[in-house]
Amino acid sequence: MQLAVWTYEGPPHVGAMRVAAAMEGLHYVLHAPQGDTYADLLFTMIERRATRPPVTYTTFQARDLGGDTATLLKTATLDAYERFRPQAILVGASCTAELIQDDPGGLARTLGLPVPVVPVDLPAYQRKENWGASETFYQLVRAFAGPRAPRPGTVRAASETRCCNILGPTALGFRHRDDVAEVRRLLALLGVPVNVVAPLGATPADLARLGEADFNVVLYPEVAMQAAAWLKRNFAQPHTTAIPIGVGATRDFIAEVARLAGVDPAPALAEASRLPWYSRSVDSTYLTGKRAFIFGDATHAIAAARIAATELAFEVVGLGTYSREFAREVRDAARGHGIEALITDDYLEVEAAIGAAQPELVLGTQMERHTAKRLGIPCAVISAPVHVQDFPARFSPQMGFEGANVLFDTLVHPLMMGLEEHLLGMFRDDFEFHDGAGASHLGAGSAPAAAVQPATPPLPESVGAWAPEAEKELKKIPFFVRGKARRNTERFAADRRIPLITLETLYDAKAHFSR
Amino acid sequence: MSAIAASLPTDAGAAGCGDAPVLRERGQREVFCGLTGIVWLHRKIQDAFFLVVGSRTCAHLLQSAAGVMIFAEPRFATAIIEERDLAGLADANEELDRVVARLLGRRPDIRMLFLVGSCPSEVIKLDLARAAQRLSQRHMPAVRVLHFSGSGIETTFTQGEDACLAALVPEMPAEPGSARSLLVVGALAEVVEDQFLRLFAALGVGPVRFLPARRAADLPAVGSGTRYLLAQPFLAETARALDARGARRIPAPFPLGAEGTTLWLHAAAQEWGVGERTFREATTIGEQRARHALLRRRERLSGQRVFFFPDSQLEVPLARFLARELGMVPLEVGTPYLHREHLAEELALLPPGVMLSEGQHVENQLDRCRAARPDLTVCGLGLANPLEAEGLATKWSIELVFTPIQGYEQAGDLAELFLRPLARRARLEV
Ligand code: SF4
């Protein structure tokens, strides 16, 4: 048993829902108890989806268990077909149904429906959401594209204009909607036609056409790599490996696509992001060497680390992921930054690692946003699990050159705000700028800015007390290093069993740690 | 005759729909499971911890229902059953003991631990009753370990609170003798509890106690002198357990709206033999204030037709309130479970012609809702935005269990919850 409070990923059938809800003409029959219908609200509330996800839950109850849950599944499947008339039906079980072993796929197939039934087995006690999305997408691709696979060994006919599929975007994906638009724009600049985008917006019939493309663009390996690998084996379709997040990675991606498509990369490379200039402009000097801690799904964490280090000149002091399936890739990337990767799905472990690394900026998920808030560290969200904030009304991709612009703002603004707050802090005792006064642009009487005085983390009990004059001095230290100064001094005092932290202790500690 | 007496239901059978036919449906249910109750119960019982023994789905449900309410370290968690536990590689009971020991080690402030059963724990027949007993022996007196089921195969949404409170009843100390006391049953916001305490004091009804209490150690005593008022309509099991301890229920409608609150208080006052004059003196100001707060909203809501999808079992009392105090017209009142006995006074007050439905076939119900095109639809979060997108104004029902809505001072807020979606639509021009 694993003790969990907050989790980065839902169960695997939620991954399957993300694929089903992304597609058109597909209906998912899920053998599950009533409470599992909560998953609908992820789509209708977080993503603000205007229609119910195409999912029918059998919602069996305790009294059905001894009796006939199998009939319930069959009736639900028939009803769903009659009502929604999908091109195909996906059938699976949630964690509870897995235990009662009804074989939903087998049962649904006995119904003789006039449309294909695709069963998908997602081991709920071993796997998680992204794995579920990946497996579901793979099973669907196999089921619909499979029958058209050429005989093994067939050589692809060389075509005049090579086209591609875009694989990976799902419902409830972190900025997937906008990433697809931006990547389509880049491909248009290169003159590469798009055959099918899947699963987002694709029908089962579209999946059957996947083999017609010359190569695949994989946007999110967490979801699409398994399917892309299968397509490569069965259709001899190569696929991209560069993920176009950041300026450098976007250039790599363009080069890779141009090579696969046999086109000139120049028109797309000529597009420029504002990031390089913004990063070189002198006001960005203060960003140099900012200590950044990065955690997220593998794709976004690796990309953020590269941007942080090479496009913003931060120092990457932590890199980790909850995507165990991609632990190797993240470990390799971390080694490149000269650090050890953190692979865990326990947010408390991440919190401890952040505390130990004492970063000046956290790039993480919503979970790390809360951790950072508690620790008083600026933070930007770069990865799922998604939150309603991750579906902004404006165009806000992570990928491509526009994505790089977005990322510059996303990664730098929290620090800029920090600087502004520091200035406010310097005037803390001034009659107009004291903590209780709101920001001037909010008008008189506005609420005090909650972030002006970052929360100091709770002290361990063994820590020595602070003498008033030392405490006062501490307050003069800019807030964004104050937490660190406090921790260092306390550790220094604890190591030396100094019961009262005086001004002397404070400066001794400073001298000690700056060596 | 006083205004109060006039509003008391005298000829329920004739006026109301106490015997109205009920549409019973079977099909897909679009409701939360009882685990959801943990989200408000853990805020209510402030030194209790809720450990769900379940799957990743259960953890994800809690996280999604708790939404933005990310607490530093919330007092709930899930012990996620893994393949090893199922395959018998690990002894599930030993695993549970280990998880609990680790948890309690981290949280010395915890006085009561609930092991909460889920669908998976029930299907694999993990005996949480025995586990709770065993763990209680190990961790008493520091921590008392109890158990209840919040599983989706046994409980619907608010039934989780019912199961939790029912688990507390055997733990309540025995009231020596047959001294009379009033027990208010069902989680209420503290501000509401305090308002009721003041009202009962003015009435001379007491001593008054609440279940659940704010702290595990303060569980109220119960005995044959205990009279209890249900503050929530979904407490069937809790009531049964209280009856078994000799307590007696005071039948009453629920304290929603000015009228509901008056009738609820009045039921207790009668039990205590409080004179009508004293009753009026104690309640008139509050009731007037509530009626006044409702008046303005009534103008806007009167005549509006409302449709309820089943959710919290609060549907019948809410429909009664909306119909009688705001002039709204309930079309269909869906409820996951219709407890005829506890709702008898409510059903008698419902206007005739209201269609009641119990259980759910969500697709059929959506068809009925679309055909009826109500002015306001009360439904769960999974349905709200899709219905809005179809042009139907909605009120998402979960807010009704998270917001203080009971009592005189909250009557206006309660009406406001139903008015806001309509007022909002009226303002929007794009
Ligand atoms: S319905 Fe059952 S499996 Fe689903 S979240 Fe609720 S208790 Fe867990």
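1. Some remarks on the overall build of chain B
- When helices and strands are tallied, chain B shows 19 helices and 14 strands.
- Relative to the globule expectation of 22 Å for 430 residues, the C-alpha radius of gyration of chain B, 22 Å, shows essentially globular dimensions.
- Once the C-alpha set of chain B is aligned to its principal axes, its extents read approximately 65 × 60 × 40 Å.
- Of the contacts made within chain B by residues no fewer than 6 positions apart, 76% connect residues no fewer than 24 positions apart.
- Accessible surface, chain B as shown: approximately 15700 Å² in total, 51% of it carbon and sulfur.
- Taking the 48 positively charged and 51 negatively charged side chains of chain B as two groups, their mean positions are separated by 3 Å.

2. Looking at the overall build of chain A
- When its secondary structure is counted, chain A shows 21 helices and 15 strands.
- For chain A, whose C-alpha radius of gyration is 26 Å, the value lies close to the compact-globule estimate of 24 Å for 515 residues.
- The dimensions of chain A, computed from C-alpha atoms along their principal axes, are 80 × 65 × 45 Å.
- With 515 residues in all, chain A has 57% of them scored as buried.
- Long-range pairs, those at least 24 residues apart, make up 71% of the contacts in chain A between residues at least 6 apart in sequence.
- Put simply, chain A shows about 21400 Å² of open surface, and 54% of that area lies on carbon and sulfur atoms.

3. Observations regarding the confidence of the model for chain A
- Of all residues in chain A, 90% attain a pLDDT of 70 or more, and the chain-wide mean is 89.
- Scored below 50 in pLDDT, residues 429-461 of chain A makes 29 contacts in the model with residues more than four places away or belonging to other chains.

4. Focus on the environment of Ala231(B)
- Examined against the element boundaries, Ala231(B) turns out to sit in the loop between β8 (226-230) and α11 (236-244).
- Beyond its immediate stretch of four places on either side in the chain, Ala231(B) contacts Val184(B), Val185(B), Gly186(B), Leu188(B), Phe254(B), Pro255(B), Trp264(B) and Gln406(B).

5. Description of the side chain of Asp97(B)
- Within the secondary structure layout, Asp97(B) lies in helix α6 (residues 92-106).
- When near neighbours in sequence (up to four residues on either side) are disregarded, Asp97(B) contacts Arg134(B), Leu135(B) and Arg138(B).

6. Brief notes about the interface of chain A and chain B
- Residue-level contacts link 59 residues of chain A with 67 residues of chain B.
- The largest contributions to the chain A side of the interface with chain B come from Met1(A), Leu3(A) and Trp6(A), which together make up 19% of the buried area.
- At the boundary of chain A with chain B, the tally comes to three salt bridges.
- In this structure, Arg26(B) engages Asp64(A) in a salt bridge whose closest nitrogen and oxygen atoms are separated by 3.1 Å.
- Inspection of the region where chain A meets chain B yields 26 residue pairs in polar contact (both at pLDDT 80 or more).
- For the side of chain A that touches chain B, the leading source of residues is helix α2 (residues 39-46) of chain A, giving five residues.
- Its residues placed into classes, the side of chain A that touches chain B shows 27 nonpolar, 16 polar and 16 charged.
- Here strand β1 (residues 2-4) of chain A pairs with strand β3 (residues 76-80) of chain B via three bridges, running antiparallel. Residue pairing in the sheet places Gln2(A) in a bridge with Ile80(B) of β3(B).

7. What to know about the environment of Tyr138(A)
Residues and elements named next belong to chain A.
- Note on placement: Tyr138 falls in helix α7 (residues 129-145).
- For the pair Tyr138 and Glu182, spaced 44 residues apart in sequence, the C-alpha separation works out to 25 Å.
- Among all residues touching Tyr138, those that are not within four sequence positions of it are Gln226, Ala227 and Trp230.

8. Quick look at a positive patch on the surface
Residues and elements named next belong to chain B.
- A grouping of Arg296, Arg300, Arg424 and Arg427 is seen on the molecular surface, where their side chains present a positively charged patch.
- When contributions to the positive patch are tallied by element, the ones reaching two or more residues are α13 (276-301) and α19 (411-427).
- Structurally, Arg424 is set in helix α19.

9. Points about the site of the ligand
- Taken together, 13 residues form the shell around the ligand, and within it Gly35(A), Asp36(A), Cys33(B), Cys58(B) and Cys119(B) come nearest.
- Counting residues per element, the ones that place at least two in the shell around the ligand are α4 (56-66) and α7 (119-123) of chain B.

10. Considering helix α4 (residues 69-84) of chain A
- Its 16 residues give α4(A) an end-to-end C-alpha distance of 22 Å, which sits within 8% of 22 Å, the value for a rise of 1.5 Å per residue.
- After α4(A) finishes, the residue Arg85(A) shows a positive phi value of roughly 45°.

11. Here we look at α13(B)
Residues and elements named next belong to chain B.
- In this model α13 runs just 32 Å from its N-terminal to its C-terminal C-alpha over 26 residues, more than 12% under the 38 Å that 1.5 Å per residue would give.
- A bend of about 45° at Thr283 is the largest found in α13.
- Looking at α13, one finds that the buried residues are Phe279, Ala282, Thr283, Gly286, Glu287, Ala290, Leu294, Arg297 and Leu301.
- Among the residues trailing α13, Gly303 stands out with phi positive, at a value near 85°.

Parameters at a glance
- Every chain's residues receive numbers from 1 upward, in the order its sequence appears when written.
- Written order determines the labels here, with chains lettered from A and ligands numbered from 1.
- Selection of residues for local features in this predicted model requires a pLDDT of at least 70, selection of side-chain atom pairs for listing and counting requires 80 or more, and totals for whole chains, interfaces and linings are taken over all residues.
- Heavy atoms throughout the structure, all of them, feed into the side-chain values; hydrogens and water do not.
- Counting from the N terminus, the helices are DSSP H or I runs at least four residues long and the strands are E runs at least two residues long.
- Throughout, radius of gyration means the C-alpha value; the globule benchmark is 2.2 Å times the number of residues raised to the power 0.38.
- We call two residues in contact when some of their heavy atoms are within 4.5 Å.
- For accessible areas, the Shrake-Rupley method is used with a probe of radius 1.4 Å. Any residue's cover is judged against the shown protein chains and nothing else.
- None of His or the chain ends enter the tally, which takes Lys and Arg as positive and Asp and Glu as negative.
- The atom standing in for a charge is NZ when the residue is Lys, CZ when it is Arg, CG when it is Asp and CD when it is Glu.
- Type-normalised accessible area, obtained with a 1.4 Å probe on protein chains alone, sets the label of each residue: buried when under 20%, exposed when over 50%, and partly exposed for intermediate values.
- Values of pLDDT, ranging from 0 to 100, describe the predictor's confidence in every residue of the model.
- The buried area of a pairing is the accessible area, by a 1.4 Å probe, that goes missing from both parts when the two are put together, added over both.
- Any carboxyl oxygen of Asp or Glu that lies within 4 Å of a side-chain nitrogen of Lys or Arg is treated as forming a salt bridge with it.
- In the analysis that follows, any N or O atom pair within 3.5 Å is treated as a polar contact, provided that within protein one partner can donate a hydrogen and the other can accept it, and provided that, for residues neighboring in sequence, both atoms belong to side chains.
- Each residue gets one label: Ala, Val, Leu, Ile, Met, Phe, Trp, Tyr, Cys and Pro are nonpolar, Asp, Glu, Lys and Arg are charged, and the others, such as Gly, are polar.
- A strand pair is defined by DSSP finding two or more bridges across the two strands.
- Patch definition: residues with relative accessible area over 30% and no salt bridge; like charges joined within 9 Å; nonpolar side chains (Val, Leu, Ile, Met, Phe, Trp, Tyr) joined within 5 Å.
- Residues are counted as near a molecule or strand when any one of their heavy atoms sits within 4 Å of it.
- To estimate how far a helix should extend, the number of its residues minus one is multiplied by 1.5 Å.
- Bend angle per residue: angle between axes fitted to the 7 residues ending at that residue and the 7 residues starting there.

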